[in-house]
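# Tertiary structure, described
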Amino acid sequence: MANKKIRVRYAPSPTGHLHIGNARTAIFNYLFARKNKGKFIIRIEDTDTKRNVGDGETSQLDNLKWLGLDWDESPENPGDFGPYRQSERNHIYKPLIQQLIDEGKAYESYMSEDELEAQREEQRARGVMPHYEYEFAGMTEDEKQAKIDEAKAAGIKPVIRFAVPKNKEYKWDDMVKGEVSFQSNTIGGDFVIAKVDGTPTYNFAVVVDDHMMEISHVFRGDDHVANTPKQMMIYEAFGWDHPKFGHMSLITSADSGKKLSKRDESIIQFIEQYRDLGYLPDAMFNFITLLGWSPVGEDEIYSKKEFIKMYDENRLSKSPAAFDNKKLEWINNQYVKSSDEDIVMDLALRQLVKAGNIQSNPDALTVEWCRKLINVYKQQMSYMAQINEMASVFFEDFDQVSGEALEEISNDTAPVVLKEFSELVKNIEVFDTVEILKTIKTVQKNTKIKGRQLWMPIRIAVTHEMHGPELPETIELIGRDKALKHIEQTLNQIK
RNA sequence: GACCCGUUGGUCAAGCGGUUAAGACACUGCCCUUUCACGGCAGUAACAUGGGUUCGAGUCCCAUACGGGUCACCA
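Values in this document were obtained by computation on a predicted structure and should not be read as measured data.

What counts and what doesn't
Each chain has its residues counted from 1, running along the sequence as written. Here every chain gets a letter starting at A, and every ligand a number starting at 1, in the order they are written. In keeping with the model being predicted, local features are shown solely for residues with a pLDDT of at least 70 and side-chain atom pairs are shown and tallied solely at 80 or more, while totals for entire chains, interfaces and linings include all residues. Note that the side-chain values use all heavy atoms of the structure and ignore hydrogens as well as water. Every helix listed is a DSSP run of H or I at least four residues long, and every strand listed is a run of E at least two residues long, numbered separately from the N terminus. The rule is simple: take the accessible area with a 1.4 Å probe, protein chains only, and divide by the maximum for that residue type; under 20% is buried, over 50% is exposed, in between is partly exposed. In what follows, residue pairs with any heavy atoms lying within 4.5 Å of each other are defined as contacts. The Shrake-Rupley method, run with a 1.4 Å probe sphere, supplies the accessible areas, and residue values consider only the shown protein chains as cover. Near, as used in this document, describes a residue that has one of its heavy atoms within 4 Å of the molecule or strand being considered. Residues adjacent in sequence count toward polar contacts only when both atoms are side-chain atoms; beyond that, a polar contact is any pair of N or O atoms within 3.5 Å, and within protein one must be able to donate a hydrogen and the other to accept it. Gly is placed with the polar residues, together with every amino acid not listed as nonpolar (Ala, Val, Leu, Ile, Met, Phe, Trp, Tyr, Cys and Pro) or charged (Asp, Glu, Lys and Arg). By definition, pLDDT measures how confident the predictor is in each residue, and it falls between 0 and 100. A patch is a set of surface residues, each over 30% in relative accessible area and not in a salt bridge, joined within 9 Å for like charges and within 5 Å for the nonpolar side chains Val, Leu, Ile, Met, Phe, Trp and Tyr. Salt bridge criterion: a side-chain nitrogen from Lys or Arg within 4 Å of a carboxyl oxygen from Asp or Glu. In summary, the charge assignment counts Lys and Arg as positive and Asp and Glu as negative, without counting His or the chain termini. Where a charge lies is defined by one atom per residue type, namely NZ (Lys), CZ (Arg), CG (Asp) and CD (Glu). Helices are assigned an expected span. That span is 1.5 Å times one less than the residue count. Note on ring pairs: Phe, Tyr and Trp rings are taken, using the six-membered ring of Trp, and paired if centres are within 6.5 Å. Classes follow the plane angle, with under 30 degrees stacked, over 60 edge-to-face and the rest tilted. In this analysis an axis means a line fitted to C-alpha atoms, helices contributing only their contacting stretch, and an angle means the value between N-to-C directions, from 0 to 180 degrees. For classification purposes, angles smaller than 35 degrees are called roughly parallel, those larger than 145 roughly antiparallel, those between 65 and 115 roughly perpendicular, and all remaining angles oblique. Each crossing is labelled by how the near helix is turned from the far one, with a counterclockwise turn of less than a right angle marking it left-handed and a clockwise turn marking it right-handed. DSSP calls a pair of strands paired once it identifies at least 2 bridges connecting them. If the strands point away from the viewer and the path from the first strand over the helix to the second runs clockwise, then the crossover is right-handed.

## Some words on the overall build of chain A
- Counting secondary structure elements, chain A contains 20 helices and 11 strands.
- C-alpha extents for chain A along the principal axes are approximately 110 × 50 × 40 Å.
- Counting the 495 residues in chain A, one finds 48% classified as buried.
- In chain A, the share of contacts with a sequence separation of at least 24, taken over all contacts with a separation of at least 6, comes to 73%.
- Per element, the accessible surface of chain A, about 24600 Å² overall, is 48% carbon and sulfur.

Given below as structure tokens:
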């Protein structure tokens, strides 16, 4: 193995946007490649033209880039092993399929889909695993030919099936699961390698492509385990060595415990959605990498570079990883706090505009205001869209103080504080944090009221909330006019 | 149903025959503090069950239970 080049691939089918599970597969392959100074390749598996969606491929690549991945070969930047789309490789598959037929390792099958379905139905009813039963079983050459002629006459076009070797064991040393083995008789019978239209099926195309592209290691989801013996048979039929396989546990939903279903709405599943909500790409990369893999130390926040350095495929977990939303938020918050002010600013501002709280193309003054606002909330944000919710006091109008807040200021000292404060505020020259703080201190000196009895009335009067960020900052952001107006309202209410 | 695989606190997860069974998230308490958040400190809490093997088992083996994956002319 040491003398062989390391080449791994991520091979999405362009049937939709980048799913979190696929992103994870891509990341682990990427990490493995970069760690071992190998190549990371992207191949598009689009043999099922019916299921392809128009922007599937670009969307996949886009989101991968957003996550910070880069690759050495792909449809966009082909290497020496192209084409990198399966739909463009038919001229490669065709002769290979023919070769298997010629060698008697594959054959034409005339069973219709209806017949197949009926067969499976009957098998299910009997409680056996649904599988294809050899349609020419026990026939002489003549009988067989007669049957084929009959099918042809009926207009049935054949598919090509691979003749599965009988009573053979297929086993491999899985890079994450250890030794796994299957009996050839239990894999569902002779499987289809070419469809009616002549295009190869997945199990055939991957083998050919992985071999031709000299892929050395394949990391993929657990859901491919049962495909592996089929693929090994094809490698065997051609006399090729198969790559090393590693099957990673799936991501499960924390509350159902099942494989993430695209319909599960308790979890956001597509990378694009995280992007839209203003999550940070590095944080997402970090979070996803920790899904089913763990570093040696006790820390959990690492950069991509650090992950590459310490990546070890032996630490991939065998048991499924539950998607923990709380952890996602925590990790993202760690990144928000340590991120460059400008990055956070840029992303958060976009969210403010998107929500309609700030007009698009804001002027310099507004941008400056936003900068202050965002800094006030930076410590507690996980993703940028939260700014709209967190800072709602600055965007919404409200009339009455109520509930606990009202109780808090229903006393003799509150009006005194508020009157004094509002008088002083009117005369502040530069309405900023420093001056506001000074003013609050002055109120304290003048009224001899301090602590909670001093701060709370001001906070509640200005924001109508008991909780919020630092008061001077908050007041500065609210602005003098609005602050005075709110104080006056409150005064009227408790008088 | 058959075939594969898994099972350490509420969640993720170290551990690879001898440990006081790490750490993180969450939770609770305390501190910081005008409040919230951040931060700091402390705490509750786990080896699915039953048999072996062994001087000794979370770690190895076998059952059982539970959970998951796969059984397409999809990938």
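## Some words on the protein's contact with RNA strand B
- In the vicinity of RNA strand B, 63 residues are found, and the nearest of them are Thr47, Arg51, Gly127, Glu300 and His467.
- A share of 74% of the atoms of RNA strand B within 4 Å of the protein falls on sugar and phosphate groups.
- A distance of 2.8 Å separates a sugar or linking oxygen of RNA strand B from a polar atom in the backbone of Glu298.
- Examining the composition of the surface near RNA strand B, we find that 5 residues originate from one element, helix H11 (residues 325-338), more than from any other.
- Looking at the surface near RNA strand B residue by residue, the classes come out as 21 nonpolar, 18 polar and 24 charged.

## Describing the confidence of the model for chain A
- Looking at chain A as a whole, its pLDDT mean stands at 92, while 99% of the residues score no less than 70.
- In the predicted complex, the global pTM is 0.93; the interface-specific ipTM is 0.94.

## Points about a negative patch on the surface
- A cluster of acidic side chains, namely Glu389, Glu396, Asp397 and Asp399, defines a negative patch on the protein surface.
- With respect to the helices and strands, the residue Glu396 is situated in the loop between helix H14 (386-390) and helix H15 (403-409).
- Judged by its relative accessible area of 48%, Glu396 falls in the partly exposed class.

## Thoughts on helix H12 (residues 341-354)
- With 14 residues, H12 should cover 20 Å at 1.5 Å per step; its first-to-last C-alpha distance of 20 Å lies within 8% of that length.
- Residues of H12 that are buried in the fold lie against helix H8 (271-277), H11, helix H13 (364-377) and H14.
- Note on H12: the residue one or two positions beyond its end, Gly356, has a positive phi of about 85 degrees.

## Some thoughts on the packing of aromatic side chains
- Here the structure, examined in full by the defined rule, presents 20 aromatic pairs.
- For the ring pair Phe238 and Trp240, a centre distance of 4.4 Å and an interplane angle of 20 degrees mean the geometry is stacked. Each of the two residues, Phe238 as well as Trp240, counts as buried.
- Consider the rings of Phe285 and Phe307, whose centres lie 6.2 Å apart with planes at 45 degrees: the pair is tilted. Within this pair, whereas Phe285 is found in helix H9 (residues 281-289), its partner Phe307 is found in helix H10 (residues 304-310), the two being separated by 22 residues in sequence.
- For Phe307, a relative accessible area of 0% translates into the label buried.

## Some points on the environment of His17
- By secondary structure assignment, the location of His17 is in the loop between strand E1 (7-10) and helix H1 (20-35).
- Linking His17 and Asn63, residues 46 residues apart in sequence, is a C-alpha distance of 8.4 Å.
- Those residues within four positions of His17 in sequence are excluded, and the remaining contacts are Asp55, Ser59, Gln60, Phe270 and Glu272.
- A distance of 2.7 Å separates a polar atom in the side chain of His17 from a polar atom in the side chain of Glu272.

## Considering the packing of helix H16 (residues 413-426) against helix H20 (residues 480-494)
- At their nearest, the axes of H16 and H20 sit 10 Å apart, and the two run at 155 degrees to each other. With respect to H20, the axis of H16 lies roughly antiparallel. Handedness of the H16/H20 crossing: left-handed. Residues Ala414, Pro415, Leu418, Lys419, Phe421, Ser422, Val425 and Lys426 of H16 form the contact with H20, whose participating residues are Arg480, Leu484, Ile487, Thr490, Leu491 and Ile494.
- Taken together, the residues of the contact of H16 with H20 sort by class into 9 nonpolar, 2 polar and 3 charged.

## Side note on the pattern of salt bridges
- By the definition in use, this model includes 29 salt bridges.
- For Lys105, the salt bridge identified is with Glu103, shortest N-O distance 3.1 Å.
- A salt bridge links Lys168 to Glu236, with the shortest nitrogen-to-oxygen separation between them at 2.4 Å. Of this pair, Lys168 sits in the loop between strand E4 (159-162) and strand E5 (169-174) while Glu236 sits in helix H7 (residues 228-238), and the two are 68 residues apart along the sequence.
- On the accessibility criterion, Lys168 (32% relative accessible area) is partly exposed.
- We classify Glu236 as partly exposed; its relative accessible area is 36%.
- Counted as one network, the salt bridges with shared partners bring together Arg9, Arg43, Glu45, Arg89, Asp209 and Asp210.

## Some thoughts on the environment of Lys327
- Structurally, Lys327 can be placed in helix H11.
- Residues Lys327 and Phe287 lie 40 residues apart in sequence; the distance between their C-alpha atoms is 8.0 Å.
- Every residue in contact with Lys327, bar those within four places of it in the chain, is listed here: Phe287 and Glu300.

## Here's the deal with the sheet that holds E4
- Strands sit in the order E3-E4-E7 across an open sheet of 3 strands; the sheet is antiparallel. Looking at the sheet topology across the chains shown, the edges are occupied by strand E3 (106-109) and strand E7 (192-194). The average undirected angle you get between the axes of adjacent strands in this sheet is 45 degrees.
- Note: E4 against E7, 2 bridges, orientation antiparallel. In the sheet register, Ile160 faces E7, and the bridge partner there is Ala194.

## Some thoughts on the pairing of strand E9 (residues 244-248)
- The buried count for E9 comes to 4 of 5 residues, which makes it a mostly enclosed element.
- Looking at chain direction, strand E8 (residues 217-221) and E9 are connected through 5 bridges and run parallel. Opposite Phe219, over in E9, you have Gly246 as the bridge partner.
- In the classification by handedness, the crossover that spans E8, the intervening H7 and the parallel E9 is right-handed.

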